[in-house]
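# Summary of the model geometry
This is what each chain is made of:
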Amino acid sequence: MDTSSIRIKEDRLRQDLLDLGRFGEMASGGIGRTALSDADLEARRWFKERMREGGLKVREDAAANIIGRMDPPSGPNEEPCIATGSHIDAVAQGGKYDGALGICAGLEALRAIRESGVSLPCSCELLVFTDEEGSHFAGTFGSRAMFNLLQEGEMEKSRGAGMASLAKDLKRMGKDPQKIAEARRSPSEFQAFLELHIEQGPVLEEMEVPIGIVDGIVHLGRYLIRVIGKSGHAGTIPMHLRDDALIKAAGIVTAVNEAVRSAGPEIVGTIGEFRVQPGAINIIPGQVEMSLDLRSMNEEKLTSVKRQIEKIVLSAEKAGMETVLTKGGVRMDPDVMMADELSCRERGIPFHRMGSGAGHDAMTFPMVNIPAGIIFIPCVGGKSHCPDEEIRFEDACRGAQVLADTMVRLAFRGPLHPLP
Ligand code: GLV
Ligand code: MN
Ligand code: MN
């Protein structure tokens, strides 16, 4: 397959990334653009316009996913499409490229394919998924809604007291959460899904390799730990008569950290959210809620550490732990990885096969038997989920080129696996 006529325009991609980075930009240089926040809604409006300018037919589904379609020059047909995409939302105080790279590069890839004059045998889609980061409740909301993988009641839940649920924020933008099933699509509509993403870690930069080809994503467990105490006046209740939820929670935090560390390097665990209620200087904490995120390539290890943590939590008085979300690790499709490799070889771009400790919407696709692949580019200093997240635009350009070439390569191969 000759892909030499497909040329990514670095200036255009850079401009889109810089423009998108202004929505929700904070004084620190990072981004405050959690899913369906005002900044996110503005960014989405802007990006839909860019997609239309790029010649895509744009629609939004019941889960607020944005779908841009480019039909083949011969006109629409029923062939399963080749899709790419990522997310436009960011973590609180996040960076400008997590997710943003995948959607801007996806748009640039489609523009470059169109401009090359290559006549594809099927349509291509650019998918911008809603709430990949899980700022409402659980992550990869949009891609899971697309393939009927949401948990019962999930849309009505929120990350903590006083925080909005997805149902509430979907209503705020004029959507009916009762109609979420309308977002569902059949896996047979897709030949393959490809996501370009920043690595979010230091491996590629250290190796001085510009492209990572992801072979698998970790198993992930997310939990909510709640500790109940008794609130009361901070000045009048003697220390020995208190039931302070924060003091009990502090013991749990330390014990959980110790349990994960002593389980060895194969597993990581993070308590990243911590809410103290009522949360005032002169009130004894009555309740603490905290998140726990556990990840490992080794599922048995994850299960055994989770059991150990449950014991720790339950040994504290009036403390409990509930599962928010579990995602089995996934293997990326061997044929898609091979197509990525071919694209790199043909352009003379060094690559490295590697695992991903971060979750991505691309992990939803193998769950419904759609072949999927992820291409990484390095991020400066391995930093991500922080305002310092940075990339080099020449890496972004190389990544977008590999993405475009691979989409074309896959389109001409036809369905990679027999469709049901
Ligand atoms: C998504 O960014 C994740 O938490 O891995
Ligand atoms: Mn992220
Ligand atoms: Mn991401």
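The coordinates are above.
What counts, and where the lines are drawn
- Residues numbered from 1 in each chain as written.
- Chains lettered and ligands numbered in written order.
- Predicted model: local features only at pLDDT ≥ 70, side-chain atom pairs only at ≥ 80, totals over all residues.
- Heavy atoms only, no water.
- Helix = DSSP H or I, 4+ residues; strand = E, 2+ residues; numbered from the N terminus.
- Buried < 20%, exposed > 50% of the residue type's maximum accessible area, 1.4 Å probe, protein only.
- Contact = heavy atoms within 4.5 Å.
- Areas by Shrake-Rupley, 256 points an atom, 1.4 Å probe, with all protein chains shown as cover.
- Lys, Arg positive; Asp, Glu negative; His and termini not counted.
- Charge placed at Lys NZ, Arg CZ, Asp CG, Glu CD.
- Donors = N, O, S within 2.8 Å, 3.2 Å for Na, K, Ca; no water.
- Pairing = 2+ DSSP bridges.
- Salt bridge = Lys/Arg side-chain N within 4 Å of Asp/Glu carboxyl O.
- Near = heavy atom within 4 Å.
- Polar contact = N/O pair within 3.5 Å; in protein donor to acceptor, adjacent residues only side chain to side chain.
- Nonpolar A, V, L, I, M, F, W, Y, C, P; charged D, E, K, R; others polar.
- Axes fitted to C-alpha atoms, helices over the stretch in contact; angles between N-to-C directions.
- Parallel < 35°, antiparallel > 145°, perpendicular 65-115°, else oblique.
- Left-handed = near helix turned anticlockwise from the far one by under 90°.
- Arc of directions from axis to C-beta.
- Phe/Tyr/Trp six-rings, centres within 6.5 Å; stacked < 30°, edge-to-face > 60°.

## Quick notes on the overall build of the protein
Scanning the protein for helices and strands turns up eleven helices and 16 strands. Each principal axis of the C-alpha atoms in the protein carries an extent, and together these give about 80 × 45 × 45 Å. Taken over 420 residues, the protein has a buried fraction of 57%. Of the contacts made within the protein by residues no fewer than 6 positions apart, 78% connect residues no fewer than 24 positions apart. With the model as given, the accessible surface of the protein reaches about 17500 Å², and the carbon-plus-sulfur share is 51%. For the protein, the distance from the average position of its 50 positive side-chain charges to the average position of its 61 negative side-chain charges is 3 Å.

## A closer look at the coordination of the manganese ion (ligand 3)
Within the first shell, the manganese ion (ligand 3) binds the protein through His-87 (NE2), Asp-98 (OD) and His-197 (NE2), at distances of 2.0 to 2.2 Å. Here the donor residues for the manganese ion (ligand 3) map to a single chain with the spacing H-x10-D-x98-H. Here the manganese ion (ligand 3) and the manganese ion (ligand 2) are spaced 3.6 Å apart, and both take Asp-98 as a donor. A residue pair is termed long-range when its members are at least 10 positions apart, and His-87 in strand S3 (residues 81-87) and Asp-98 in the loop between S3 and helix H3 (100-116) qualify at eleven residues. For the pair His-87 and Asp-98, one class covers both residues: buried.

## Here's the deal with the coordination of the manganese ion (ligand 2)
Every protein donor of the manganese ion (ligand 2) is accounted for by Asp-98 (OD), Glu-133 (OE), Glu-133 (OE) and His-385 (NE2), and the metal-donor separations fall at 2.0 to 2.7 Å. Binding-site remark: the manganese ion (ligand 2) is held by donors from one chain whose sequence spacing is D-x34-E-x251-H.

## Quick notes on the pairing of strand S4 (residues 124-129)
When you tally the buried positions in S4, you get six out of six residues, the bulk of the element. What you see with S4 is no split at all: Cys-124, Leu-126 and Val-128 on one side and Glu-125, Leu-127 and Phe-129 on the other are buried throughout. Relative to S4, strand S2 (residues 66-70) runs antiparallel, the two sharing five bridges. Paired with Arg-69 across the bridge in S4 is Glu-125. Here six bridges tie S3 to S4, and the two strands are oriented parallel to one another. The residue bridging Ser-86 from the neighbouring strand is Val-128, located in S4.

## What to know about the pattern of salt bridges
Under the criterion given, the structure shown has 41 salt bridges. Among the ionic pairs, Arg-275 bridges to Glu-289, the shortest N-O distance being 3.1 Å. Taken together, the positions of Arg-275 in strand S10 (residues 274-277) and Glu-289 in strand S12 (residues 287-296) put the pair 14 residues apart, joining distant regions of the chain. Classification of Arg-275 by relative accessible area gives buried; the value is 14%. Note on Glu-289: relative accessible area 4%, which makes it buried. Here the salt bridges do not stand alone but share partners, grouping Lys-9, Arg-12, Asp-16, Arg-50, Glu-53, Glu-108, Arg-111 and Glu-115 into one network.

## As for the site of ligand 1
Close contacts around ligand 1 come from Glu-132, Glu-133, Arg-222, Arg-295, Ala-358, Gly-359 and His-385, and that covers them all. The contact in question runs from an oxygen atom of ligand 1 to an N or O atom on the side chain of Arg-222, over 2.8 Å. A distance of 2.7 Å separates an oxygen atom of ligand 1 from a polar side-chain atom of Arg-295. Taken by itself ligand 1 offers 190 Å² of open surface, and the protein chains cover 93% of this. Per-class residue counts for the shell around ligand 1 are one nonpolar, two polar and four charged.

## Focus on unusual backbone geometry
Residue Pro-278 is reached from Gln-277 by a cis peptide bond, and omega for that bond is 0 degrees. For Pro-278, the location among the structural elements is in the loop between S10 and strand S11 (283-284). In this model, Ala-64 sits at a positive phi of 70 degrees, which is unusual for a non-glycine residue. Inspection of the secondary structure assignment puts Ala-64 in the loop between strand S1 (57-60) and S2. A positive phi angle, near 65 degrees, is found at Asn-369, a position not held by glycine. Within the secondary structure, Asn-369 sits in the loop between helix H10 (364-367) and strand S16 (372-377). Judged by its relative accessible area of 68%, Asn-369 falls in the exposed class.

## Quick notes on the packing of helix H1 (residues 10-20) against helix H2 (residues 38-53)
Closest axis-to-axis distance for the H1/H2 pair is 11 Å, and the angle between their directions is 160 degrees. Between H1 and H2, the angle falls in the class roughly antiparallel. Of the two elements, H1 crosses H2, and the hand of that crossing is right-handed. Residues Asp-16, Asp-19 and Leu-20 of H1 pack against Ala-43, Trp-46 and Arg-50 of H2.

## Observations concerning the environment of Met-26
By the secondary structure assignment, Met-26 is in the loop between H1 and H2. A residue is classified by how much of its surface remains accessible, and Met-26, at 23% relative accessible area, is partly exposed. When the C-alpha atoms of Met-26 and Pro-387 are compared, they prove to be 8.6 Å apart, with 361 residues separating the residues in sequence. Beyond its immediate stretch of four places on either side in the chain, Met-26 contacts Ile-31, Gly-32, Gln-93 and Pro-387.

## Some thoughts on H1
Restricting attention to buried positions, one finds in H1 the residues Leu-13, Asp-16, Leu-17 and Leu-20. Looking straight down H1, one finds its buried side chains confined to an arc of 95 degrees; they lie on one side.

## Describing the packing of aromatic side chains
Applying the stated rule across the entire model yields nine aromatic pairs. Relative to Phe-365, the ring of Phe-193 lies with its centre 4.1 Å away and its plane at 5 degrees, an arrangement referred to as stacked. With Phe-193 in strand S5 (residues 190-198) and Phe-365 in helix H10, this pair connects stretches of sequence that are 172 residues apart. Accessibility classification places Phe-193 together with Phe-365 in one group, the buried group. Among the aromatic residues, ring-to-ring pairing joins Phe-129, Phe-147, Phe-190, Phe-193 and Phe-365 into one connected group.

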